[in-house]
Amino acid sequence: MITEGQDINARSSTAGHIMSVDVEDYFMVEAFAGSVPRNSWNAWPSRVVASTKRVLDLFDKYNTKATFFFVGWVAHRHPELVREVAARGHELACHSFWHRTVYSLTPEEFREDTRAAVNAIEDAAGVKVQDDPALVGVVELENGLPFLYIHPFFDG
Ligand SMILES: [Zn+2]
């Protein structure tokens with residue numbers, strides 16, 4: 001609880017990452033999956049770079065850090081955005097490659113999708129995920145979509 005007279009900026013600068021951002025474009029949402037095939041994504045005008053930079057500026061203004069969950073497709077297409085997020089002090093994390101629900105994939109497809117997303121983020125950021133299972137991989141699902149925390153990303 002913040003009381004009167006407290007310095008909100010001082011308080012937020014000592015907090016851990018409590019903000020998270022899904023870095024994905026509007027045409028990737030699951031609700032559009034039936035009418036916007038994934039092989040057409042390249043044809044849609046992208047808004048993800050401009051909107052993510054707007055969020056980055058807001059976070060800078062309020063001295064806030066966050067975890068940015070990149071869809072691998074975005075990291076592959078806009079590697080400069082991954083580098084900018086990392087350079088501005090935020091945590092990188094993985095939100096699959098093709099933004100598909102886990103329950104629609106076989107275990108092999110899930111592994112391949114996750115590996116492709118991790119590779120895209122690694123390539124973009126110029127960091128490597130360490131091979132330590134304690135450091136790699138806490139998967140959470142939200143509406144069936146995977147969010148993968150990959151801790152070494154934010155150390156690099
Ligand atoms: Zn998402």
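What you see is a predicted model; the values in this text were computed from it and never measured.

Here is what the cut-offs are and how they apply
- Residues numbered from 1 in each chain as written.
- Predicted model: local features only at pLDDT ≥ 70, side-chain atom pairs only at ≥ 80, totals over all residues.
- Helix = DSSP H or I, 4+ residues; strand = E, 2+ residues; numbered from the N terminus.
- Buried ≥ 20, exposed ≤ 12 C-beta atoms within 10 Å, placed from the backbone.
- Contact = placed C-beta atoms within 7 Å.
- Axes fitted to C-alpha atoms, helices over the stretch in contact; angles between N-to-C directions.
- Parallel < 35°, antiparallel > 145°, perpendicular 65-115°, else oblique.
- Left-handed = near helix turned anticlockwise from the far one by under 90°.
- Core = buried A, V, L, I, M, F, W, Y, C linked by C-beta atoms within 7 Å.
- Expected span 1.5 Å × (residues − 1).
- pLDDT = per-residue confidence, 0-100.
- Arc of directions from axis to C-beta.

Concerning the overall build of the protein chain
When you go through the protein chain residue by residue, the secondary structure sums to six helices and five strands. When the helices and strands of the protein chain are read in sequence order from the N terminus, they spell out α-β-α-β-α-α-β-α-β-β-α. Across the 156 residues that make up the protein chain, the buried fraction comes to 26%. Sequence-distant contacts, at least 24 apart, represent 70% of the contacts inside the protein chain between residues at least 6 apart.

What to know about the packing of helix 4 (residues 79-87) against helix 5 (residues 107-125)
The interhelical angle for the contact between helix 4 and helix 5, taken along N-to-C directions, is 70 degrees, at an axis separation of 8 Å. Looking at the two axes, helix 4 sits roughly perpendicular to helix 5. Seen along the crossing, helix 4 lies across helix 5 with a hand that is right-handed. Every residue of helix 5 that contacts helix 4 at Pro79, Val82, Arg83 and Ala86 is listed here: Ile121, Asp123, Ala124 and Ala125.

Some words on the nonpolar core
Counting residues in each nonpolar core, the largest one holds 26 residues, and the members touching the most others are Phe70, Val82, Leu92 and Ile121. For this core, the secondary structure elements donating two or more residues are helix 2 (48-61), strand 2 (66-70), helix 3 (72-77), helix 4, strand 3 (91-94) and helix 5. When residues in this core are grouped by element, the largest group, six residues, is from helix 5.

Topic: helix 5
Its 19 residues place the ends of helix 5 27 Å apart at the C-alpha level, agreeing with the 27 Å of an ideal helix rising 1.5 Å per residue. The set of residues buried in helix 5 consists of Asp113, Thr114, Ala117, Val118, Ala120, Ile121, Glu122, Ala124 and Ala125. Following helix 5 by one or two positions, Gly126 adopts a phi angle in the positive range, close to 75 degrees.

A word on unusual backbone geometry
Positioned with a positive phi, Asn63 is a non-glycine residue whose angle comes to about 50 degrees. Mapped onto the elements, Asn63 comes out in the loop between helix 2 and strand 2. The class of Asn63 is exposed, set by 12 C-beta atoms lying within 10 Å. For His99, which is not glycine, the phi dihedral falls at a positive 55 degrees. The residue His99 is located in the loop between strand 3 and helix 5 in this model. Residue class for His99 comes out buried when judged on the 24 C-beta atoms lying within 10 Å of it.

What to know about the confidence of the model for the protein chain
Model confidence for the protein chain is summarised by a mean pLDDT of 80, while 71% of its residues fall at 70 or above. For residues 1-15, every residue scores under 50 in pLDDT, and the model assigns this stretch eight contacts once sequence neighbours within four places are set aside. Across residues 151-156, confidence stays below pLDDT 50; counting only partners more than four residues off in sequence or on other chains, it has 16 contacts.

Re helix 2
With 14 residues, helix 2 should reach 20 Å at 1.5 Å per residue; the first-to-last C-alpha distance of 20 Å fits that figure. Looking only at helix 2, the buried set comprises Val48, Thr52, Leu56 and Phe59. Taken down its axis, helix 2 places every buried residue within 65 degrees of arc, on the same side. Of the residues in helix 2, the exposed ones pointing more than 90 degrees away from the buried face are Ala50, Arg54, Asp57, Leu58 and Lys61. Of the residues trailing helix 2, Asn63 is marked for its positive phi of about 50 degrees.

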